[in-house]
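Per-entry structural report
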Amino acid sequence: MPIDAAKAVAAEPRTAEISWGHKDVQLYHLGLGAGAPATDPAELRYTLESRLHVLPSFATVAGAGAGVVGGLTSPGIDVDLAAVLHGGQTVRVHRPIPAEGRAVQTSKVAAVYDKGKAAVLVLRTEAADDEGPLWTNDAEIFVRGEGGFGGERGPSGLHADLAAVPNHTVERPVRENQALLYRLSGDGNPLHADPEFARKAGFDRPILHGLCTYGMTLKAVADTLLGGEVTRIRSYRTRFAGVVFPGETLRIRMWTGDGHVRVAVTAVERDEAPVLADTLVEHS
């Protein structure tokens, strides 16, 4: 069988040293659409090194996202990459991420779930520096056609009630060239840049990275509800429910609670097609 769940979970973690600087953080923020308007003090916190803070979702690209790529080649994992989909993402930050840093990144297969027609790999990446833990990333990877092996089904989604009136709704435009800029943070998949490759994958044009939408949404929540104070964010999870094309507009609905925000994201131009679902931001 292509996936040996017990072998994958029992495999020794992989470790690597990673580093980043303020230019990496600034490039990531610009790839999310930060810096508009360019001189807005609220935007300068994302773009100017003397005022820079780090959006927690930067953890998904630190080290060029090598933890997820390596996880797909772990012992016990032998899958067709054409059957692989990024199904969900969770980031937990243990303290604010510095704008300049070095860390040891540890990656492993944390769980393998059986969804019937698909298997779900939970690829966990943890980073720590000399002062202790920094972040934990869980990438949920769907592998079509690999379910039905009798394993644990795993947790279900949050199912936010979209019929309820949200407390806040904002819209964020996706620039035509945004995927070209975002891919410079490490995800060079031609699906996001090459029209011919995109057509072979079943799309009429390149699509935006799911993790770009993920970061744009977290920035919108921080700016709308947390006064831009990104250090208040404790964790952030989502399920990728659909694609986004450069040039479209994201409609981001937010339902506030005690210490958390539930979020749903849709594509305005495609009749509110779902983009992110089961989305939760926890904060102080």
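Please refer to the structure higher up on the page.
All of the points below concern the structure found in this document. (Residues numbered from 1 in each chain as written. Predicted model: local features only at pLDDT ≥ 70, side-chain atom pairs only at ≥ 80, totals over all residues. Heavy atoms only, no water.)

What the protein contains, in helices and strands, is seven helices and 10 strands. Its C-alpha radius of gyration of 18 Å places the protein within 12% of the 19 Å reference for a compact globule of 284 residues. With the C-alpha coordinates aligned to their principal axes, the bounding extent of the protein is approximately 55 × 50 × 45 Å. In the protein, which comprises 284 residues, the share counted as buried stands at 46%. (Helix = DSSP H or I, 4+ residues; strand = E, 2+ residues; numbered from the N terminus. Rg over C-alpha atoms; globule rule 2.2 N^0.38 Å. Buried < 20%, exposed > 50% of the residue type's maximum accessible area, 1.4 Å probe, protein only.)

Another point: unusual backbone geometry. With an omega of -5°, the peptide bond between Ala 36 and Pro 37 qualifies as cis. If you check the backbone angles, Glu 272 has positive phi at about 60° while not being a glycine. By secondary structure assignment, the location of Glu 272 is in the loop between β9 (260–267) and β10 (273–283). Classification of Glu 272 by relative accessible area gives partly exposed; the value is 25%. Even without being a glycine, Asp 278 presents a positive backbone phi close to 50°. Along the chain, Asp 278 falls in strand β10.

Attention now moves to the side chain of Asp 138. Note on placement: Asp 138 falls in strand β5 (residues 132–144). Residue classification places Asp 138 among the buried positions, given a relative accessible area of 8%. A polar side-chain atom of Asp 138 sits 3.3 Å from a polar atom in the side chain of Arg 92. Sequence-distant contacts of Asp 138, that is, excluding residues within four places in its chain, are made with Gly 88, Gln 89, Thr 90, Arg 92, Val 122, Leu 123 and Arg 124. (Polar contact = N/O pair within 3.5 Å; in protein donor to acceptor, adjacent residues only side chain to side chain. Contact = heavy atoms within 4.5 Å.)

For the rest of this paragraph, the subject is helix α7 (residues 210–225). In a regular helix each residue adds 1.5 Å, so 16 residues correspond to 22 Å; α7 covers 23 Å between its end C-alpha atoms and thus fits that length. The element α7 is largely enclosed, with a buried count of 12 among its 16 residues. If you check which residues of α7 are buried, you get Leu 211, Cys 212, Thr 213, Tyr 214, Gly 215, Met 216, Thr 217, Leu 218, Lys 219, Ala 220, Val 221 and Ala 222. Gly 227 occupies a position one or two residues after α7 and carries a positive phi of about 60°. (Expected span 1.5 Å × (residues − 1).)

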